[in-house]
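Understanding the architecture of this molecule
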Amino acid sequence: MNEIGFSLDTVWMLLAAILVFWMQPGFALCEAGLTRSKNTANILMKNFTDFIIGSLLFYFVGFGFMFGSEGAGFIGAPNWGDLSFYKSNLPVEGFLMFQTVFCATSATIVSGAMAERTKFSMYLVYSAIISLFIYPVEGHWTWGGGWLSEMGFHDFAGSAIVHSVGGILALIGALALGPRRGKYGKDGMSRAIPGHNLTLASLGVFILWMGWFGFNPGSQLAATGEVNRIAISHVFLTTNLAAAAGGAATLFLTWFKYGKPTLSMTLNGILAGLVGVTAGCDLVSPLGAVLIGLVCGTLLVFSVEFIDNKLHIDDPVGASSVHGVSGVLGTLMTGLLSVDSGVLYGHGWHFFGVQCIGMLAIGLWTAICGFLLFYGIKKYKGLRVGARVEEEGLDVYEHGESCYN
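These lines cover the structure that appears in this document, whether it is placed above or below. All chains use their own residue numbering, which begins from 1 and follows the written sequence. Only residues with pLDDT of at least 70 are given local features in this predicted model, and only at 80 or more are side-chain atom pairs given and counted; all residues enter the totals for whole chains, interfaces and linings. The basis for every side-chain value is the complete set of heavy atoms in the structure, and neither hydrogens nor water enter the calculation.

Points about helix H5 (residues 120–141)
Condition: Helix numbers and strand numbers start at the N terminus; a helix is a DSSP run of H or I with at least 4 residues, a strand a run of E with at least 2. Each helix should span, by expectation, one fewer than its residue count multiplied by 1.5 Å. The reported bend at a residue is simply the angle between two axes, fitted to the 7 residues ending at it and to the 7 residues beginning with it. Burial classification: accessible surface area is computed with a 1.4 Å probe over protein chains only, and a residue below 20% of its type maximum counts as buried, one above 50% as exposed, and the rest as partly exposed.
In this model H5 runs 31 Å from its N-terminal to its C-terminal C-alpha over 22 residues, within 8% of the 32 Å that 1.5 Å per residue would give. In the structure, H5 departs most strongly from a straight axis at Ile130, where the bend amounts to approximately 45°. H5 sits mainly inside the fold: 16 of its 22 residues count as buried.

A word on unusual backbone geometry
One non-glycine residue with positive phi stands out, namely Leu221, at about 60°. Tracing the sequence through the fold places Leu221 in the loop between helix H8 (198–215) and helix H9 (226–258). Overall, Leu221 belongs to the partly exposed group, its relative accessible area being 23%. Residue His312 is not a glycine yet carries a positive backbone phi of 55°. As for its position among the elements, His312 is in the loop between helix H11 (286–310) and helix H12 (319–337). Taking the relative accessible area as the measure of exposure, His312 reaches 33% and is therefore partly exposed.

A word on the pattern of salt bridges
Put simply, the test is: Think of a salt bridge as a Lys or Arg side-chain nitrogen and an Asp or Glu carboxyl oxygen that are within 4 Å of each other.
Using the criterion set out here, one finds nine salt bridges in the structure. Note that Asp314 and Arg180 form a salt bridge whose closest N and O atoms lie 2.8 Å from each other. Highlighted residues: Asp314 in the loop between H11 and H12 and Arg180 in the loop between helix H7 (159–177) and H8, separated in sequence by 134 residues. Residue classification places Asp314 among the buried positions, given a relative accessible area of 1%. Among the charged side chains, a network of salt bridges with common partners joins Arg36, Glu116, Arg180 and Asp314.

Regarding empty space enclosed by the protein
Worth spelling out the cut-off: Lining residues are defined by having an atom within 4 Å of a point belonging to a cavity or pocket. Those points lie on a 1 Å grid over the protein atoms alone, cavities being sets where a 1.4 Å probe fits but cannot get out and pockets being open sets with protein on both sides within 12 Å along at least five of seven lines. Grid points are joined across faces, edges and corners, and a volume is the space filled by probe spheres set on the points. Ten residues, namely Ala, Val, Leu, Ile, Met, Phe, Trp, Tyr, Cys and Pro, are considered nonpolar, four, namely Asp, Glu, Lys and Arg, are considered charged, and the remaining ones, Gly among them, are considered polar.
Scanning all chains against the criterion turns up one cavity of 30 Å³ or more. Its boundaries defined by the atoms lining it, the largest cavity holds a volume of some 150 Å³. Around the largest cavity sit 15 residues that line it, and Phe27, Cys30, Val317, Ala319 and His323 are the ones nearest its centre. Listing elements by their share of the lining of the largest cavity, those giving two or more residues are helix H2 (23–33), helix H4 (92–113), helix H10 (263–277) and H12. Here the lining of the largest cavity is built from residues that sort into eight nonpolar, six polar and one charged.

Now the structure itself:
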């Protein structure tokens, strides 16, 4: 019976990995739809190369950096393609695949914020560094059994570890890159640059919503036995409720603020709810998940406006708000709303304090690495394509072909 149980758990883990991999086309379609048609091939190419590069680097080195040394030290030992160091009841190859698709997600988030003006060659460089070093180090502190894990920091499926890292890097990358041509007038006012296909963007969000049912419930890494059956069912419910609440909050807030409910913003509201609940989807009640979704979906609107109109940072798809702001909020709200440990359930402030320390550590690590990475590339090689390339589109100049003919 144990063998049957381990086999079923393995199948569940691999099916979840497939769903998380399916999020890659979700991100690709969402980003492509929210940007201009002349850059679509470039965007699709970036989403493919995220997974190509991430798969190879994480297998050869990143997996060891993240899970090696039994959690000891600042970073694990590189594994150089040798997986024998990792011991588990589940096949290490399957666990590697599950972790690989998470790693690729973190790198992909950055793509949207820096869309339509980044050199493809430099994109490959920073995507590789995220997958090889930035993500595995903070992953080692947490999921790898490191010092944050020992403190009791909780991030079930990656609000902080995956999404806030991608969102913070996205914000710094967009800042270093500068806005798209024509985004801000001489008076400093922001000008809308509409995406070319909301149908693609909507399909992308539907795919991401579906993929999240692998992202969150799959992180249980087991399906057999009463405890696991109940756990993954609970996580399915909290994940879906947060997504729905996030979308509803953004829909009605934009309707109130702008006079019309905007589709593009509502799509991001759904994603904000999903990102927010990912840290505590196993610990919060269904009502707590709804609250997380409502808060993340509401603050998303104000965050997008603030970053665009006040900071003058051009993030074409709102990645820094969806993943960065919502990832931080969700991680901290887990400390408030955890049924077993949260402040609002009468368990004191200890767990919330641990969540704050963990989020601060991950945020500082990511921000420092992001500034060094993006401004280093900008200084020595240049991040941005030339004015003519940006004006006419990256598809032909960077890839020699167009998505639409």
